[in-house]
Amino acid sequence: MLQPKKQKYRKQHKGRSRGRLKELRGTTLDFGSVGLQARSAAWMTANQIEAARRTITRYMKREGKLWIRVFPDKPVTAFPPEVTMGGGKGAVDHYVAPVRPGRMLFEVDGVEQHVAIRALRHASYKLPMKTFIVTKDVHV
């Protein structure tokens, strides 16, 4: 699973959802010829990223190349079940990647375009946000 090797601070504030604002960076196809782009805002967990990655690589039969353009570096804390309130902030439970609309999530190259589109479409079912598929020429 993806997670940072080390961080300056172990726990972070939750932050404010800025879903209505578009992403400013990482919005174009930089590596592959077909990509999966976020249309809405969400927190992607490391498990969701891994599930989408496995779906894409299996559908492409391990041919071509896949780029993952998001990394879960935001720690999310949680208390164990049936613990009373108080006692400070909980322990780090998992890591998420905050995604805003317009962010390129995955890019694929080295396979036929229809195979890449189908692989990314299957992967989009594993993700917690609305997405659309982008090619070098037009949106699909």
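To start, this report covers the structure provided alongside it.

Rules behind the numbers
- Residues numbered from 1 in each chain as written.
- Predicted model: local features only at pLDDT ≥ 70, side-chain atom pairs only at ≥ 80, totals over all residues.
- Heavy atoms only, no water.
- Helix = DSSP H or I, 4+ residues; strand = E, 2+ residues; numbered from the N terminus.
- Contact = heavy atoms within 4.5 Å.
- Polar contact = N/O pair within 3.5 Å; in protein donor to acceptor, adjacent residues only side chain to side chain.
- Pairing = 2+ DSSP bridges.

Details of the environment of T28
Here T28 is to be found in the segment before β1 (34-38). As a C-alpha pair, T28 and R103 span 75 residues in sequence and 8.1 Å in three-dimensional space. Beyond its immediate sequence surroundings of up to four residues, T28 is in contact with R69, M104 and E107. At a separation of 2.8 Å, a polar atom in the side chain of T28 contacts the side chain of D30.

Remarks on the pairing of strand β5 (residues 91-99)
Examined bridge by bridge, strand β2 (residues 42-45) and β5 share four bridges and lie antiparallel to one another. For T45, the partnering residue across the bridge sits in β5 and is V96. Pairing analysis gives five bridges linking strand β4 (residues 74-78) to β5, with the strands arranged antiparallel. Within the sheet, the bridge partner assigned to A78 lies in β5 and is A91.

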